[in-house]
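# Survey of secondary and tertiary structure
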Amino acid sequence: MSLSQEIIDRFNKAFKQARVSGEQEPTAMVLATSDCKGRVTSRTVLLKALDEDGFVFFTNTRSVKGQQLAVCPRAAATFLWKTSGCQVQLVGNVTLVSDEAADAYFSTRERGSQIGAWASNQSQPLDSRETLMARFHELEKQYEGREVPRPPHWTGYVLSPETVEFWNLGEYRLHDRVLYTLEDAAWKKQRLYP
Ligand SMILES: Cc1cc2nc3c(=O)[nH]c(=O)nc-3n(C[C@H](O)[C@H](O)[C@H](O)COP(=O)(O)O)c2cc1C
């Protein structure tokens, strides 16, 4: 079931307010995943697209998050926009984007970042910074004069929420909370006590 236009509009409005109020990186969200034993982990990733299917981020499938999503394709994500006093929380299922969509986004990245995606065994032990830089320079040479293809282990994921909560800072800690919940193929909206 897709996101409602009301939720997308509300998110875009809050995002814009965050940017206007001086938030340095409003696309940053803390993404929590877990394995099948309930071992929860979290880290920051950047939101790269939003449409009715959900919230898109890109990463290495061999990372901790990638390995966890392979066995438990669910996640929670939180945007914190301090400058505008807003938080948005999402919970839902996660799926891979199509290879075409991943290729299209990869091709827009800076060449250095494209090579970086090949150079990094994300989340694996690294003996020294020099090893990483040597790998990077080796790959620079390898791809000299030609396009850098997308690594097969680097792709995008869509978090398709079944709950979306908007939290806005209020006076006397009387914050405003609006929760959208997907129930029986329809989005229900309710207020929550702060
Ligand atoms: C502001 C910020 C943005 C980040 N954006 C991404 C991102 O979009 N994709 C990504 O794979 N890692 C990103 N990272 C790095 C992750 O937080 C994390 O270190 C990495 O993905 C490995 O995570 P994992 O081993 O838990 O899967 C970002 C880190 C910061 C601080």
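## Points about the domain arrangement of the chain
With domains assigned, the chain is organised as domain 1 (5-105 + 156-192) and domain 2 (108-149). Taken over C-alpha atoms, the centre of domain 1 sits 29 Å from the centre of domain 2. For the pair domain 1 and domain 2, the summed buried surface comes to about 530 Å²; carbon and sulfur atoms form 34% of the total. Remark: the boundary between domain 1 and domain 2 carries 3 residue pairs in polar contact (both at pLDDT 80 or more). Elements that contribute at least two residues to the side of domain 1 that touches domain 2 include exactly strand E4 (54-60), helix H2 (64-71) and helix H3 (99-106). Take the side of domain 1 that touches domain 2: its biggest share by element is 3 residues, from H2. Of the residues in the side of domain 1 that touches domain 2, the class split is 3 nonpolar, 4 polar and 2 charged.

## Topic: the environment of Lys-65
Within the fold, Lys-65 resides in helix H2. Lys-65 gets classed as buried once you look at its relative accessible area, which sits at 6%. As a C-alpha pair, Lys-65 and Phe-166 span 101 residues in sequence and 25 Å in three-dimensional space. Residues in contact with Lys-65, not counting those within four places in the same chain, are Leu-31, Thr-33, Arg-43, Val-45, Phe-57, Thr-59 and Gln-122. A distance of 3.3 Å separates the side chain of Lys-65 from the side chain of Ser-63, its partner in a polar contact.

## Some points on the packing of aromatic side chains
Applying the stated criterion across every chain yields a total of 14 aromatic pairs. Ring centres of Phe-58 and Tyr-105 lie 4.2 Å apart, and the angle between their planes is 25 degrees; this geometry places the pair in the stacked category. Within this pair, whereas Phe-58 is found in strand E4, its partner Tyr-105 is found in helix H3, the two being separated by 47 residues in sequence. In this structure, Phe-58 and Tyr-105 share a single accessibility class: buried. The rings of Phe-11, Phe-15, Phe-55, Phe-79 and Trp-81 are connected pair by pair, giving a single aromatic cluster. Arg-10 extends its terminal NZ or CZ atom over the ring of Phe-166, reaching a point 5.4 Å from the ring centre.

Scoring rules and cut-offs
- Throughout this description, residue numbers start from 1 for each chain and increase along the sequence as written.
- Totals for whole chains, interfaces and linings use every residue, but because this is a predicted model, local features are given only for residues with pLDDT of at least 70 and side-chain atom pairs only at 80 or more, for both listing and counting.
- Side-chain metrics in this entry use all non-hydrogen atoms of the structure; hydrogen atoms and water are not considered.
- The split of the chain into domains comes from an automatic or database domain assignment.
- By definition, the buried area sums, over both parts, the 1.4 Å-probe accessible area that each loses when the two are put together.
- Here a polar contact means two N or O atoms within 3.5 Å. Within protein one must be a hydrogen donor candidate and the other an acceptor candidate, and residues neighboring in sequence count only if both atoms are side-chain atoms.
- Only runs of H or I of at least four residues qualify as helices and only runs of E of at least two qualify as strands under DSSP, and these elements are numbered from the N terminus.
- Under the convention adopted here, Pro, Cys and the residues Ala, Val, Leu, Ile, Met, Phe, Trp and Tyr are nonpolar, Asp, Glu, Lys and Arg are charged, and Gly plus all remaining residues are polar.
- Each residue's exposure class comes from its accessible area (1.4 Å probe, protein chains only) as a fraction of the maximum for that residue type: buried when under 20%, exposed when over 50%, partly exposed otherwise.
- Pairs of residues are marked as contacts when any of their non-hydrogen atoms sit within 4.5 Å.
- In this analysis, rings of Phe, Tyr and Trp, with Trp reduced to its six-membered ring, are considered paired at centre separations within 6.5 Å, and the interplanar angle assigns stacked below 30 degrees, edge-to-face beyond 60, and tilted for intermediate values.
- Charges are assigned to positions over rings by a cutoff of 6 Å between ring centre and Lys NZ or Arg CZ, combined with an angular limit of 35 degrees from the ring normal.

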